Amino acid sequence: MTLRSILRKWTERYFSDEEAVILLIVLVLGFAVVIWLGGMLAPFFTALVIAFLLQGVVNMLTRRRVPNMVAVAIVFLGFVSLMLAMGFLLMPLLWNQLVNLVQETPKMLSNGEDWLMNLHTHYPNLIKPDEIQSWISSTAKQFTVYGQRAVSLSIASLGNVIGLIIYLVLVPILVFFMLKDREKLVSFVLSFMPEKRGLMNRIWNEMDDQIANYVRGKVVEIIIVGGVSYATFTFFGLQYTALLAVLVGFSVLIPFIGAAVATLPVAAVAGFQFGLTEQFAYILIAYGIIQALDGNVLVPILFSEAVNLHPVSIILAVLFFGGIWGVWGVFFAIPLATLLKALITAWPRSLHDTSVQEQP
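The structure presented is a predicted model; accordingly, all values stated were derived computationally and were not measured.

**Quick look at the UniProt feature "transmembrane region" (unreviewed entry) in the protein**
Under the UniProt annotation, "transmembrane region" (unreviewed entry) lies at residues 20-38, 44-62, 69-95, 155-179, 219-238, 244-268, 280-302 and 314-340. In the segment residues 44-62, helix accounts for 100% and strand for 0%; the C-alpha atoms at its two ends are 25 Å apart. Taken as a whole, residues 219-238 contains 85% helix and 0% strand, while its terminal C-alpha atoms sit 25 Å from one another.

What follows is the structure, encoded as structure tokens:
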């Protein structure tokens, strides 16, 4: 069998359906637009994601016999109020704590050096002085590089203040019109699609609820984990409580890896503040309980209807989509992996297979 005949047979098997070919073209064009024009269209995509999240709340209100326009107004005003509260209350607090943490970093490094020296004194055969100095020098260089990057980023961002203001104005406006004119916009998009779209409808119906439940569930998980972490850290009197709580909350975006990464700053701040004491151990135990409850109780409750994906598939999806789209790619890695799985499962295959026809 020649390569040409193999390719022809493969094409007839998987692309004999006209709708499958059109769907493939739509998917390729969609991914191309996001990859190459993502930066330019970032306000539009951001508004699209936010409107997708808020539409569920609008639907809930309309099911309770609230007029659609009133429901849109209530949800939109709630969204704007939340954004203003975050901008004027949460962000200044996080910035102040971040500045204080950067200022305390040299002192933390000095205390870490003293701790390593004491460790060498008690266990001379475990760590050598040359190794301690090498670790300290390497760490100091890394912090210097990160500090220079932060300074250059802040200086460069000064020129983008107008762009940021435009972004903050455009996104709420786009969100409002996407919620208000949802039916018109959907009808406009469908007008470019073929009349026969049974495959597209099947995949959309399968994915709509799952993606919506996943994204909304992930937002709820971030809020719950971040809020519980803030209350726990405040109870123990840990410094930089808000900054660490936000970090722990957003760590749930990266499955399996985020919790391990967030443990390092929590342990470092607690160790610097309390030393190797019982208070330090209590904080780590409480943090471990939060992570255990999140993985074994909260996640099964929020994502009970999610499609079962193998952990290797999840990690590969996070690495791949995160490398392409950054934070958004990490956030939507699991929904996109679920979409690919649904496409593979629902993709039409030709029934005119020679092996099938030859069977009695």
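Next comes the rest of the write-up.
**Section: the side chain of D294**
When you line up the elements, D294 lands in helix α11 (residues 278-302). It turns out D294 is buried and unbridged, and the closest side chain with the opposite charge, K218, is 7.0 Å from it.

**A closer look at the packing of helix α10 (residues 258-274) against α11**
Two elements in contact, α10 and α11, have axes whose closest approach is 9 Å; the angle formed by their N-to-C orientations is 160°. As summarised for this structure, α10 and α11 are arranged roughly antiparallel, according to the angle between their axes. For the crossing formed where α10 meets α11, the hand is right-handed. Residue-level contacts link A259, A262, T263, V266, A267, A270, G271 and F274 of α10 to Q279, F280, I283, L284, Y287 and Q291 of α11. The residue makeup of the contact of α10 with α11, split by class, is 10 nonpolar, four polar and no charged.

**Overview of the packing of helix α9 (residues 241-250) against α10**
Axis angle and axis distance: for two packed helices, these are the angle between their axes and the distance between the axes, and together they describe the pair. Relative to each other, α9 and α10 sit at 160°, their axes nearing to 9 Å. Accordingly, the angle class assigned to the pair α9 and α10 is roughly antiparallel. The two elements α9 and α10 meet at a crossing, and its hand is left-handed. Within the contact between the two elements, α9 uses L244, L247 and V248 and α10 uses A262, P265, V266 and V269. When grouped by side-chain class, the residues that make up the contact of α9 with α10 number seven nonpolar, no polar and no charged.

**Quick notes on the nonpolar core**
Core analysis: the biggest nonpolar cluster contains 50 residues, and V215, F233, L238, L244, V248 and V266 have the highest contact counts within it. Mapped by element, the contributors of at least two residues to this core are α3 (42-63), α4 (68-122), α8 (198-235), α9, α10, α11, α12 (311-331) and α13 (333-346). If one sorts the elements of this core by residue count, α8 sits on top with nine residues. In contact with F233, other than residues within four places in its own chain, are L238, T241, L244, A245, V248, V266 and Y287. Grouped together as the second largest cluster of nonpolar side chains are 15 residues, I50, L61, A71 and M178 included.

**Brief notes about the packing of aromatic side chains**
Per the counting criterion, the structure on display carries six aromatic pairs. Chaining the aromatic ring pairs together yields one cluster made of F76, F79, F176 and F177.

**Let's talk about α10**
Taking 1.5 Å per residue as the helical rise, α10 with its 17 residues ought to reach 24 Å, and the 24 Å between its terminal C-alpha atoms agrees with that figure. Buried within α10 we find G258, A262, V266, V269 and A270. Projection of α10 onto a plane perpendicular to its axis shows the buried side chains occupying an angular sector of 95°, all on one side. Exposed side of α10, more than 90 degrees from the buried face: V261 and L264 are the residues found there. Directly after α10, the chain includes G275, whose backbone phi takes a positive value near 70°.

**Structural notes on unusual backbone geometry**
Residue R65 is not a glycine yet carries a positive backbone phi of 70°. Looking at where R65 falls in the secondary structure, it is placed in the loop between α3 and α4. Classification of R65 as exposed rests on a relative accessible area of 80%. If you check the backbone angles, Y240 has positive phi at about 55° while not being a glycine.

Cut-offs and rules
- Residues numbered from 1 in each chain as written.
- Predicted model: local features only at pLDDT ≥ 70, side-chain atom pairs only at ≥ 80, totals over all residues.
- Heavy atoms only, no water.
- UniProt positions renumbered as here; feature names shortened; annotations may be inferred.
- Helix = DSSP H or I, 4+ residues; strand = E, 2+ residues; numbered from the N terminus.
- Buried < 20%, exposed > 50% of the residue type's maximum accessible area, 1.4 Å probe, protein only.
- Lys, Arg positive; Asp, Glu negative; His and termini not counted.
- Salt bridge = Lys/Arg side-chain N within 4 Å of Asp/Glu carboxyl O.
- Axes fitted to C-alpha atoms, helices over the stretch in contact; angles between N-to-C directions.
- Parallel < 35°, antiparallel > 145°, perpendicular 65-115°, else oblique.
- Left-handed = near helix turned anticlockwise from the far one by under 90°.
- Contact = heavy atoms within 4.5 Å.
- Nonpolar A, V, L, I, M, F, W, Y, C, P; charged D, E, K, R; others polar.
- Core = buried A, V, L, I, M, F, W, Y, C linked by side-chain atoms within 4.5 Å.
- Phe/Tyr/Trp six-rings, centres within 6.5 Å; stacked < 30°, edge-to-face > 60°.
- Expected span 1.5 Å × (residues − 1).
- Arc of directions from axis to C-beta.

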